[in-house]
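# Coordinate inspection notes
Spelled out, the chains give:
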Amino acid sequence: MTRRPDPAEARTEMRRSKRRPLRTGDALRTPHDIAAILRTVHTGTRIYPRDKVGTVMGMTLFTVDPATVAPAPFTNDDWSLTLLRCLASPSTVDPPEACLCGFLFLAPDRLRLYLDTEEAPPG
């Protein structure tokens, strides 16, 4: 009788972990920098030296040197996500008067925002 593969084991084999420094000299990398590096690293086929591959928590770990990776260009989706993140959780002490309730992508360059405010008319 053959043993059926365990789905949890299969998922673990597909997981990958990347280790990259968050600093460039004395400056911290921005979330945009990390997203661009991640997009580059996850696009196409890469060959890593043996000393840059390991395991952590059962996942394959690739150590990435950001100095050797050309970051992918920022996309419209990246800008939209940045805008939505800022509107959904603004970094202010007082809550904003209008809160983001939802959004809808209408086209690659169009985004409809749904905001909730106390001054909204009924209905």
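Everything here concerns the structure above.
In this report, we go over the structure that sits alongside the text. (Residues numbered from 1 in each chain as written. Predicted model: local features only at pLDDT ≥ 70, side-chain atom pairs only at ≥ 80, totals over all residues. Heavy atoms only, no water.)

### Observations concerning the environment of Thr63
The test is simple: Helix and strand assignments follow DSSP, with helices taken as H or I runs no shorter than four residues and strands as E runs no shorter than two, numbered in order from the N terminus.
With respect to the secondary-structure elements, Thr63 resides in strand S5 (residues 59–63). Remark: the alpha-carbon pair of Thr63 and Pro49, spanning 14 residues in sequence, is separated by 9.5 Å.

### A look at a nonpolar patch on the surface
The test is simple: Residues qualify for a patch when their relative accessible area is over 30% and they have no salt bridge, like charges being joined within 9 Å and the nonpolar side chains of Val, Leu, Ile, Met, Phe, Trp and Tyr within 5 Å. In short, Shrake-Rupley with a 1.4 Å probe defines the accessible areas, and a residue's cover is counted only from the protein chains shown. The working definition used for a salt bridge is a side-chain nitrogen of Lys or Arg within 4 Å of a carboxyl oxygen of Asp or Glu. Partly exposed describes any residue whose relative accessible area lies between the buried limit of under 20% and the exposed limit of over 50%, with all areas from a 1.4 Å probe on protein chains only and scaled to the type maximum.
A surface patch of nonpolar side chains, amounting to about 500 Å² of accessible area, comprises Leu83, Leu87, Phe103, Phe105, Leu113 and Leu115. The set of elements that each furnish at least two residues to the nonpolar patch consists of helix H3 (76–88), strand S6 (98–107) and strand S7 (110–117). What makes Leu113 partly exposed here is its relative accessible area of 32%.

### Details of the pairing of S7
Put simply, the rule is: Strands qualify as paired when DSSP identifies two bridges or more between them.
Bridge count between S6 and S7: eight bridges; the pairing is antiparallel. Considered in S7, the bridge of Ala107 is made with Arg110. Where S6 folds back onto S7 in an antiparallel hairpin, the turn is made up of two residues.

### Quick look at the pairing of strand S4 (residues 53–56)
Along any regular strand, the residues point their side chains to alternate faces of the sheet. Across four bridges, the pairing between S4 and S5 is antiparallel. Residue Gly54 lies in a different strand from S5, and its bridge partner there is Leu61. What sits between the antiparallel neighbours S4 and S5 is a turn of two residues, in which Met57 has the positive phi angle 50 degrees.

### Observations concerning the state of the cysteines
Operational definition: The rule for a disulfide is simple: a pair of cysteine sulfur atoms within 2.5 Å.
Overall, the coordinates contain zero disulfides when judged by the stated rule. Unpaired in this structure, Cys101 has its nearest cysteine sulfur neighbour in Cys99, at a distance of 7.0 Å. You can call Cys101 exposed: its relative accessible area is 54%.

### As for H3
Since there are 3.6 residues in each turn of an α-helix, residues three or four apart along the chain are aligned in direction. Where we set the bar: Residue count minus one, scaled by 1.5 Å, sets the expected span of a helix.
For H3, built from 13 residues, the straight-helix expectation of 18 Å at 1.5 Å per residue is met to within 8% by its first-to-last C-alpha distance of 18 Å. Residues Asp78, Ser80, Thr82 and Leu84 constitute the buried set of H3.

### Some remarks on the environment of Leu84
Along the chain, Leu84 falls in helix H3. For Leu84, a relative accessible area of 8% corresponds to the buried category. For Leu84 and Phe103, which are 19 residues apart along the polypeptide, the C-alpha to C-alpha distance reads 8.4 Å.

### What to know about the packing of aromatic side chains
Our working definition: Pairing of aromatic side chains here covers Phe, Tyr and the six-membered ring of Trp, requires ring centres within 6.5 Å, and sorts the geometry by plane angle: under 30 degrees stacked, over 60 edge-to-face, intermediate tilted.
Applying the stated criterion to the full structure yields two aromatic pairs. Residues Phe74 and Trp79 carry aromatic rings whose centres are separated by 4.4 Å and whose planes lie at 70 degrees to one another, so their mutual orientation is edge-to-face.

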